[in-house]
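# A look at the structure
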2 protein chains.
Amino acid sequence: MIAKYELIKEEKNSKARLGKLHTNYGDCDTPMFMPVGTRAALKGLTIEQVKECGSRVILANTYHCWLRPGEDIIDRAGGLHKFMNYDGPILTDSGGYQVFSLAKSKDISEEGVKFKSHIDGSNLFLTPEKSIEIQNKLDSDFAMSFDECPPASASHEYLENSIKRTLRWAARGKKAHNNPNQALFGIVQGGPYEDLRKYSAIETVKMDFDGYSIGGVANDGESKEDMYKAIDYSIPYLPKDKVRYLMGVGDPIDIIEGVIRGVDIFDCVLPTRIARHGQAFTRDGKIHLNNNKFKEDFTPIEADCDCYACKNYTRAYIRHLLNVGESLGGSLLSIHNIRFLTKLTEELREAIKNDNILEYREEFIKRYEKVNK
Amino acid sequence: MIAKYELIKEEKNSKARLGKLHTNYGDCDTPMFMPVGTRAALKGLTIEQVKECGSRVILANTYHCWLRPGEDIIDRAGGLHKFMNYDGPILTDSGGYQVFSLAKSKDISEEGVKFKSHIDGSNLFLTPEKSIEIQNKLDSDFAMSFDECPPASASHEYLENSIKRTLRWAARGKKAHNNPNQALFGIVQGGPYEDLRKYSAIETVKMDFDGYSIGGVANDGESKEDMYKAIDYSIPYLPKDKVRYLMGVGDPIDIIEGVIRGVDIFDCVLPTRIARHGQAFTRDGKIHLNNNKFKEDFTPIEADCDCYACKNYTRAYIRHLLNVGESLGGSLLSIHNIRFLTKLTEELREAIKNDNILEYREEFIKRYEKVNK
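Cut-offs applied
Residues numbered from 1 in each chain as written. Chains lettered and ligands numbered in written order. Predicted model: local features only at pLDDT ≥ 70, side-chain atom pairs only at ≥ 80, totals over all residues. Least-squares fit on C-alpha atoms with pLDDT ≥ 70 in both. Contact = placed C-beta atoms within 7 Å. Helix = DSSP H or I, 4+ residues; strand = E, 2+ residues; numbered from the N terminus. Nonpolar A, V, L, I, M, F, W, Y, C, P; charged D, E, K, R; others polar. Pairing = 2+ DSSP bridges. Axes fitted to C-alpha atoms, helices over the stretch in contact; angles between N-to-C directions. Domains from an automatic or database assignment. Buried ≥ 20, exposed ≤ 12 C-beta atoms within 10 Å, placed from the backbone. Right-handed = clockwise from strand over helix to strand, strands pointing away.

## Details of the relation of the copies chain A and chain B
For these two chain copies, the linking operation is a rotation about an axis paired with a shift along it. With an RMSD of 0.0 Å, the fit of chain A onto chain B corresponds to turning through 180° and sliding 0.0 Å along the axis. In symmetry terms, the pair is related by a two-fold rotation axis. Across chain A, the rotation axis passes nearest the C-alpha of A:Gly44, at a separation of 3.9 Å. When the interface residues of chain A are mapped onto chain B, 100% of them are again interface residues, pointing to one common binding face.

## Details of the interface of chain A and chain B
In this complex, chain A contributes 29 residues to the contact, which on the side of chain B involves 29 residues. It is helix 13 (residues 315–324) of chain A that contributes the most residues to the side of chain A that touches chain B, six residues altogether. Residues that form the side of chain A that touches chain B fall into these classes: 14 nonpolar, eight polar and seven charged.

## Notes on the environment of B:Asp355
Residue and element names in this part refer to chain B. For aspartate 355, the location among the structural elements is in the loop between helix 14 (328–353) and helix 15 (357–372). Between the alpha carbons of aspartate 355 and glutamate 10 there is a distance of 8.6 Å; along the sequence they are 345 residues apart. Sequence-distant contacts of aspartate 355, defined by excluding residues within four places in its chain, comprise Glu11, Lys12 and Asn13.

## Considering unusual backbone geometry
B:Thr30 connects to B:Pro31 through a cis peptide bond whose omega is 0°. Mapped onto the elements of the fold, B:Pro31 is located in the loop between strand 3 (26–30) and strand 4 (32–35). B:Arg68 connects to B:Pro69 through a cis peptide bond whose omega is 5°. Mapped onto the fold, B:Pro69 is located in the loop between helix 2 (62–67) and helix 3 (71–76). The phi torsion at A:Asn85 lies on the positive side, around 60°, for a residue other than glycine. Within the secondary structure, A:Asn85 is located in the loop between helix 4 (80–84) and strand 6 (90–92).

## Structural notes on the sheet that holds strand 7 (residues 104–108) of chain B
Either a parallel or an antiparallel arrangement is found when strands of a sheet pair, and the pairing is made through backbone hydrogen bonds. All names here are of chain B. If you trace the three strands from one edge of the open sheet to the other, you get 7-8-9, paired in antiparallel fashion. Of all the strands in the sheet, the pair left with one neighbour each is strand 7 and strand 9 (123–126). Averaged over all pairs of adjacent strands, the angle between their axes in this sheet comes to 20°, without regard to strand direction.

## A short note on the domain arrangement of chain A
Residue and element names in this part refer to chain A. Under the domain assignment, chain A is made up of domain 1 (4–268) and domain 2 (269–373). Put simply, the middle of domain 1 and the middle of domain 2, counted by C-alpha atoms, are 26 Å apart. With 33 residues of domain 1 at the contact, the number on the domain 2 side is 29 residues. Among the elements of the structure, strand 2 (17–23), strand 4 (32–35), helix 1 (47–52) and helix 10 (252–260) are those that each provide at least two residues to the side of domain 1 that touches domain 2. When the residues that make up the side of domain 1 that touches domain 2 are grouped by side-chain class, the tally is 18 nonpolar, seven polar and eight charged.

## Some words on the sheet that holds strand 3 (residues 26–30) of chain A
Residues and elements named next belong to chain A. The strand order across the open sheet formed by three strands is 1-2-3, and the pairing between neighbours is antiparallel. A single partner strand is all that each edge strand has here, and the edge strands are strand 1 (4–10) and strand 3. On average, each strand axis in the sheet is inclined to that of its neighbour by 20°, with strand direction left out of account. Here helix 14 (residues 328–353) sits on the sheet and contacts strand 1, strand 2 and strand 3; the angle it forms with strand 2, its principal contact strand, is near 125°.

## Observations concerning the pairing of strand 12 (residues 211–214) of chain B
All names here are of chain B. Neither face of strand 12 is open: one carries Gly211 and Ser213, the other Tyr212 and Ile214, and all of them are buried. By the bridge criterion, four bridges tie strand 11 (residues 183–188) to strand 12 in an arrangement that is parallel. Among the inter-strand pairings, valine 188 is bridged to a residue of strand 12, identified as isoleucine 214. When strand 12 meets strand 13 (residues 243–246), the two strands line up parallel, connected through four bridges. Pairing of glycine 211 across the sheet is with valine 243, part of strand 13. What joins strand 12 to strand 13 is helix 9 (residues 224–234), and the crossover it makes is right-handed.

Following this line, the structure appears as structure tokens:
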């Protein structure tokens, strides 16, 4: 069965929506945040720890799994679910983002992208068909069309050609797709330009995908305003009965803004990446647990948090772990940060039910930015 | 309450003993293996994962906790149990081993040892009283007397002076000890020499400690024969109603040999250290999961193992994790290896009950060394 989106309720004062994704691995409520298991593993966490955070869909990177261990090994293992022992839904990206952000000496043609592996410099060639073939073998529940991810600095002219090629690539990928249990998403690109986002969205939707992603946001150098524009210019052209996925976004305020603008799902390495650098999300802004001031702070990261780290450990202990280089410190912070974003989406769902998401945003931002600004 | 050892049964054909340690955090069956939480954390594992391996007493290093975060912080946190959130028994070493193995420019006097911190080179001074004071504050269930740990190459003459000083240090430490919930152990030294081990054991026992450790084994360059001699020469002089602890030993065969010679408890970083290098204990010898030959081996580390790693993951997945540098790989192997040693002690207890420990040893070694030799 291919995963299906069900729209449950629209919030009265915004474009926010409450929904459900029906998948072969159970239902998932949206809005939802997906943690990232880059190389078929969540950094420093077991899958049980991730589940305990309330996570449902997790993301694995096609590019990384393709390079190591290779999609054929994962295929022979019985797919990603079996390989990494996750009995929940998995989403794979197309590899496009990594090719454009990690690889060097890219050579983009109509056929696909030639580039050098970021691991050993070997020559690689990724095409829309190849990306889909890999994802078919990974056997994720949600696959993404192969798209070009232009930098935030790309001109209108460049983007116009790029989105047209991405549309042709989407059509090729859709044709190549061959996995009866895997939903395939189209990706809307077009930078911060209204005409391009509109064109990309309308043309992508014409191909009738199982869901729609908004890509090309959260790139280096992109402003928040441009991100919100990209969403605002794309959403009106996406069908209500399909799920909407804002790729690579995990800042708490961006998640709130995205939901209010009509986005259903998000993913980001942010919660685990900042954790490894000793940072934790809190309602009062980010805190840096490396800081000496937490040396004798025997309170949890957040007093009212229900995550494993907060229920069992103090800031002083986590600071100690970070200070001596024990990886458990980063793992505990990852758990807290993933739970923080998951909890945030739970509250957003509640706010949608209660039609008070704008008040929720105001209160959240007031408290969150009090310290950070 | 001070932890108390209860001798339950002696095996008929060896010196092996079945016992129980009654502690403030519950009873523990012996023989037992204790995993090491060097810096108040088990490398890469949560305390729940360690518990799931069947571990009971865990070890924390006084030297490391003294340097970072400092015993006063742990004291103010409510002791090690609260600091690291472990509701089971904890044993602390004296710091002696680390001073003699990690520190540079040691200056040993009657008073104690002056040395430079292995972290920042600052001048430190550890005395028997200081070691005990730190351990009192850490509030472990089992504390060790401060002893000199001479290298395996030390001469008979050197060792003779050393064990006499260690005895004087033990007496000073005992006098300084001041924690009504903490058992204090004396440590038998003397290298591989019968006369020295005998003298050290008799004189240490005269001081009436709550338990006795056999130290100065498992040093760099020490032969297995010398280790077994050190045990054989010490055990006859240790009282039957006190627990016996062989320090720093965790090789499966050494554990079996130690138990047969009358040892009750063991500790070692081996299971976690070799795990981080990709190695796993199995009944058929150690295996190196980094090896390419496991690339498509979709079986568990050991088919009949009941550990979390074996119940949920394949060799191929663990090899992938090691290959791409995901720390989960080392964590899964640590879990397996700790479980392996814990299971081994469970089987040894069963063999003591059945009076067939010599047959158990023979069968274990035959299979274990078939591959390794």
